[in-house]
Each structure stands twice: as C-alpha cells, then as structure tokens.
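# Geometric and topological summary
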Amino acid sequence: MNRRIPPQATKFIILLLSTVFSVFLAACSAGGQGPYTDEHTLIYANLTEGGVDREAVDKFNETHSDVQIEVRDYFDEDGFSGKDRLLTEIAAGKIPDIIDFGKEGRGFRYTKLPYRQLAQKGYLEDLWPYIESDPELGREGVLEAPLKAAEVNGGLYLAFSAVGVNTLVGAESVVGNRSSWTMEELREAFALMPDESTVLTYYYDRDMMFDDIFNMSLDGYVDWESGQCCFDSDAFRSDLEFINSFPSEVSWASEEELNDKINEQMLTGRQMLDWVWFRYPIDIQELDSIYGSIYGSRASFVGFPVADGSVGSSFSIVGRKLAMSSSCKNKEACWEFLRQMFLPRYNNKTIVRAMYSQNPVSIPINRTDYETLIKGNRNLPEHSMSAISFGMEHEFQPVSQKDCQRYDDFVNSISRIELVDHALVDIVKEACGPYFAGDKTLDETVELVQNRVTLYVNENK
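Owing to the predicted nature of the structure, the values given are computational and were not obtained by experimental measurement.

## Comments concerning the overall build of the protein
Scanning the protein from N- to C-terminus turns up 18 helices and 14 strands. Counting across all 461 residues of the protein, residues that qualify as buried make up 56%. Restricting to contacts in the protein with at least 6 residues of sequence separation, those with at least 24 account for 81%.

## Brief notes about the sheet that holds strand β4 (residues 98-100)
Judged by pairing direction, the sheet is mixed, and its four strands sit side by side in the order β3-β2-β4-β11 without closing on themselves. Of all strands in the sheet, those bounded by a partner on one side alone are β3 (68-73) and β11 (322-324). If you compare each strand with its neighbour and ignore which way they point, the axes differ by 20° on average. Bridge count between strand β2 (residues 41-46) and β4: two bridges; the pairing is parallel. Looking at the pairing, Ala-45 lines up with Ile-99 of β4.

## Observations regarding the pairing of strand β8 (residues 274-278)
When you tally the buried positions in β8, you get five out of five residues, the bulk of the element. Side-chain alternation along β8 places Asp-274, Val-276 and Phe-278 on one buried face and Trp-275 and Trp-277 on a second face that is also buried. One ladder, built from five bridges, connects strand β5 (residues 162-171) with β8; its direction is antiparallel. From the neighbouring strand, Val-165 faces β8, where its bridge partner is Phe-278.

## Observations concerning the packing of helix α10 (residues 234-244) against helix α18 (residues 442-459)
With their axes 11 Å apart at the nearest point, α10 and α18 run at an angle of 120° to one another. Judged on the interaxial angle alone, α18 and α10 are oblique. Like other packed secondary-structure pairs, α10 and α18 cross with a definite hand, here right-handed. On α18, the residues that touch Phe-236, Arg-237, Leu-240 and Glu-241 of α10 are Leu-442, Asp-443, Thr-445, Val-446 and Val-449. Classifying every residue of the contact of α10 with α18 by side-chain character gives five nonpolar, one polar and three charged.

## Some points on helix α13 (residues 331-338)
Ala-333, Cys-334, Trp-335, Phe-337 and Leu-338 are the residues of α13 that are buried. Here the buried face of α13 lies against β2, α2 (54-63), β3, β4, α5 (128-133) and β11.

## Overview of the environment of Ala-423
As for its placement among the helices and strands, Ala-423 is situated in helix α17 (residues 422-436). In sequence terms Ala-423 and Pro-114 are 309 residues apart; their C-alpha atoms lie 8.0 Å from each other.

## So, unusual backbone geometry
Positive phi values are uncommon outside glycine, yet Asn-153 reaches one of about 50°. Examined against the element boundaries, Asn-153 turns out to sit in the loop between α6 (144-149) and β5. Judged by relative accessible area, Asn-153 falls into the exposed class, the value being 59%. Backbone geometry places Glu-196, a non-glycine residue, at a positive phi of 65°. Tracing the backbone through its elements, the reader meets Glu-196 in the loop between α8 (183-191) and α9 (206-217). When its relative accessible area of 66% is taken as the criterion, Glu-196 is described as exposed.

Rules behind the numbers
Residues numbered from 1 in each chain as written. Predicted model: local features only at pLDDT ≥ 70, side-chain atom pairs only at ≥ 80, totals over all residues. Heavy atoms only, no water. Helix = DSSP H or I, 4+ residues; strand = E, 2+ residues; numbered from the N terminus. Buried < 20%, exposed > 50% of the residue type's maximum accessible area, 1.4 Å probe, protein only. Contact = heavy atoms within 4.5 Å. Pairing = 2+ DSSP bridges. Axes fitted to C-alpha atoms, helices over the stretch in contact; angles between N-to-C directions. Parallel < 35°, antiparallel > 145°, perpendicular 65-115°, else oblique. Left-handed = near helix turned anticlockwise from the far one by under 90°. Nonpolar A, V, L, I, M, F, W, Y, C, P; charged D, E, K, R; others polar.

Structure below.
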C-alpha cells in the first residue's frame, strides 16, 4: 500500500496543442492506409521514456523469421511534440501497427494519447476477440474488471498487464461500511468530526484534489459518440465547490514538521480520510490495524464521492499500455506480441519475492497470477514483513480467508479506470482557474467549461 508523496515546490504548467490533433485527425477517416502496411514489418511507435521493452522485442524478432518489429521513437523530453507528431502521422494515414500510449505509474495517471477518441474513430483494434480465442487465455484467463473498465462501446482497445487501485479509506465507525457515497454524505460525515479536523492528509491542496476527482470521473461528463457534455450538472458543480474548499497551497518548514503534523492529525482522530494506492490483501490488514488503533473499527474503502451510486474507487494502469492498429496488415503476428502482456509470469515463490522487491508487483491482469497473489498473501511467513504508518509499526500476519474474499470482492466491484485524455483535463483546469482564484462565479465557470469542452469534443469526434 502506498500513500501520496507530498508535491514538490516547483510545479510544471502543461500546455497541450489540442487544435493540432483536431485539425489533422478530422482530415483522415479511420483505418487509413499508408506506408505502415507491410505484413513483414510491425512498426512499434514508442512514447515511453527509456524506450521499449527491448528484451520482449528482441525475443519476438529472434523467434519470427517472417516478420520483424521495427521500433520508431516518438518520446521527447517535453512530452508533447513527439506525441503531436505521432498523431499527425496517424491522421495522415501513417498508422503504426503497435501504438505505445506511454508507460505510466501511479504518480502520472493521464494517457499521452487520446485513447477513447482513437478507439471511437476506429483507429484501434478490439482485443476481446483475440483474448477469447486464445487457447491460453479466454475471458476466464484474465481479470475482467480492469479490462471492462477500459472498454469503449464494449470493445477493448488496450493491452496492459497490471493495475493498482486509487481509493479513499476511512474508519468504518466514521464513514460507514460502504464503497460508494455522495458529496452530501461526505459532508455529513465530516460535520461530525472534531474541531480542526481535515478531510484528507494535512498537505492535500486544491490541485491534488482536482486531479484525484477528475482523473476518475471526467470521462463520465463526456459522450464521445454523440458529442454531448453534461458539465452543467449538479454533480460537476458539487465537485468544483468541494475542490475549492481545499487550500491553493500548503507549506511546511521541514520534512520533519510535515510528518509530525500528518501523524498528529491522524493519531488524534482529526483526519477523516486517507488516500491510498491499494494492491494487496495485506493492505487491508494494515489499514484495519491503523483504524482499529485510532477509532476502534476496521477500515472502509469508501472511495471518492460519486453521484451515480457506483463504486468510488478506480484502477490505475501500471506499466506499459499498448494497442494494435485496425489497419495492421499482420494482426496475427501483432497479437502474438501483445498477448505476452496477458500471460502468467509468477508462481507461489516468485509472487512473494516480487512483493518484497524494489519494484513490487501490482494487481495482475492474468487470472492465474491474480489468484497466486491472493494465495501468496495467505501463506506469508509470520513476522516476515512490517510497516510503519503514522508512527505506528505493524507486523504482517498471513491474511485470513475472510480478508482475501473482502479484497477480491472490492477489486471486482470497481468499474472505473484512469484513462482520461490529458488535453481534456487541461481544458477543464484552465477554465476553472478563475473560479478557484475568486474571479468568476460557479455559474460562469460551469458555462465556460461546458462550452469549451463541447467544442473540443465535437472537433475530435
């Protein structure tokens, strides 16, 4: 389990050239033909810092004499000129066979390419038929919840091997035994907290809350097929009002002062919720221990407030995100490469070792690996691992069957995944800036967001 690292003092302003994409993308129909159509060569367009998985590419090339993967690098230091160049080529019909959407960790949860737009316009290949007909997979061979969350109109257009869960956790005695709540229910729970309480960790500021809420929910305000947007809704207004209740900036004199303040708020029962990045059944054990010590009750994975009654937590993809283009001339060979992301990688010994490593395994998409992860948590050696949270040390025990089932039920209840278009987030954030600064009213801001996003969406339909 991970908690958010406090933001650095220097923040980068991200500028997206969305008009470049809209002009060129509109100029070309889906599946356009171009020079990237040789069935003996698979063009792999890379957008990940550090390059492709060279071992996987070399292994494929060594074992296939009739077709080879050729890597073309579109990654650049500013993160945008290479992306725009790739989008321009796609719009012109030069569509790579394998498209890298950027390797993301939990600290950077946008997509570098507009996934839903590219899928909606038919540039990407639906992977469900390949999974279903694969003799080593089938739907029963994968963890469906994250894959279904990534669907666009029932099709799956992205291959990835692991996810984590972003959620908010509180004491069951404070927030209730539930995995979903509305903004009004959050406010009602907070009203019962002691004086000088905070909703979240001391250092949480407005930008952090904006990202957390809209990384998960922003796509829900947009219908890419019809071009309709619903930002002029009570739910969006409530989200903005809640975000605006957080400070624009939080400062501290030293790391020690920050840690002391965080621990004081939590240990005195004056922090209602904690943001966690959730991976293992043992995370449940640790959180139950924390909230049991402070509040005398177990943890509740209540998540972020949502208006539709769905689970308020979301998946975040860990590692590479790859797609097959719909214009690929050798889809069978392309699938042979992509399917490696869905195949099993661990056994009972290596899964526990991976949990202890510097780059620990997350929630696997392969179902055998997922079940091995749960089994590994049940068979942990006693006192083999400990953690310190809010100054309290917790020694992990083998996880009970009941908590493993609780973990499985929670993971499979989640229906959202963080694949929001970076350009969309930037448009909304820019339009909301004057409201957060006190220069525009809520009504003026909602109207501005509605108009700007509707224009963007219809330019990119």
